[in-house]
Amino acid sequence: MLNSFYKKSIVFDYDGTLVDSNKIKYECFFISTKKYINNHDELRKIIHNNLEFDRYDVFLKFGEFLKLNVKDIDEIIKNYNSIVNQKIIQADEIPGSSKLIEIAKKKK
């Protein structure tokens, strides 16, 4: 009876599986903050010295460095998320990922 409720699913985390998004995300840190600063050395340091941080922590640290208010930090985060989404949609897929999905669909 338990088998009648069983569903087969494949879940993908697209980072490095469907699209090489790590480079895109890294570049978007600098694109999304160019309104506030031209020299991104400090942002680079924040990212590299805090690799365990997520984007929100990085932008909070960056905001502290520039003495930005919460509204500006929120704007940067929204801008970052929007740019990342656009660039990931436009990115080339990891070779073979579409083929893998098609094979999985056929095998159900």
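Every value quoted in this text rests on a predicted model; they were computed, and no experiment measured them.

1. Brief notes about the pattern of salt bridges
Step number 1: For the structure on display, the rule yields 3 salt bridges.
Step number 2: D41 is paired through a salt bridge with R44; the nearest N and O atoms lie 3.2 Å apart. Taken together, the residues span about one helical turn, with D41 and R44 both in helix 2 (residues 41-49) at a distance of 3 residues.
Step number 3: By relative accessible area, D41 is classed as partly exposed at 42%.
Step number 4: Looking at R44, the relative accessible area reads 34%, which means it is partly exposed.
Step number 5: For E102, the salt bridge identified is with K105, shortest N-O distance 3.6 Å.

2. Things to note about unusual backbone geometry
Step number 1: Unusually for a residue other than glycine, K67 sits at a positive phi of about 60 degrees.
Step number 2: Of note, K67 is situated in the loop between helix 3 (55-66) and helix 4 (70-90).

3. Digging into the environment of T33
Step number 1: Inspection of the secondary structure puts T33 in helix 1 (residues 21-33).
Step number 2: Sequence-wise, T33 and L43 are 10 residues apart; in three dimensions their C-alpha atoms are separated by 9.1 Å.
Step number 3: Residues within four places of T33 in sequence aside, it is in contact with H40, L43, F59, F62 and I76.
Step number 4: Separated by 2.9 Å, the side chain of T33 and the backbone oxygen of F29 make a polar contact.

4. Regarding the nonpolar core
Step number 1: Among the nonpolar cores identified, the biggest contains 20 residues, and F29, L43 and F59 are the most heavily contacted of them.
Step number 2: At the level of elements, helix 1, helix 2, helix 3 and helix 4 are the ones that each hand at least two residues to this core.
Step number 3: If one sorts the elements of this core by residue count, helix 4 sits on top with 7 residues.
Step number 4: Not counting residues within four places of it along the chain, the set of residues in contact with F29 comprises L43, I47, R55, V58, F59 and Y80.

About the thresholds
- Residue positions are counted from 1 within each chain, in the order its sequence is given.
- Under the rules for a predicted model, residues below a pLDDT of 70 receive no local features and side-chain atom pairs below 80 are neither given nor counted, while totals for whole chains, interfaces and linings still include all residues.
- As a rule here, side-chain values cover all heavy atoms of the structure and leave hydrogens and water aside.
- Here, a salt bridge means any side-chain nitrogen of Lys or Arg that lies within 4 Å of a carboxyl oxygen of Asp or Glu.
- Strands here are runs of E lasting at least two residues and helices are runs of H or I lasting at least four, both read from the DSSP assignment and numbered beginning at the N terminus.
- Any residue under 20% of the maximum accessible area for its type is buried, any over 50% is exposed, and the rest in between are partly exposed; the area is computed with a 1.4 Å probe on protein chains only.
- By definition, residues are in contact when any of their heavy atoms lie within 4.5 Å.
- Counted as a polar contact is a pair of N or O atoms within 3.5 Å, where, for protein atoms, one must be capable of donating a hydrogen and the other of accepting one, and residues adjacent in sequence contribute only when both atoms are in side chains.
- For the purposes of this section, nonpolar cores are sets of buried Ala, Val, Leu, Ile, Met, Phe, Trp, Tyr and Cys residues that join through side-chain atoms within 4.5 Å.

Scope: geometric values only; no functional claims are made or implied.
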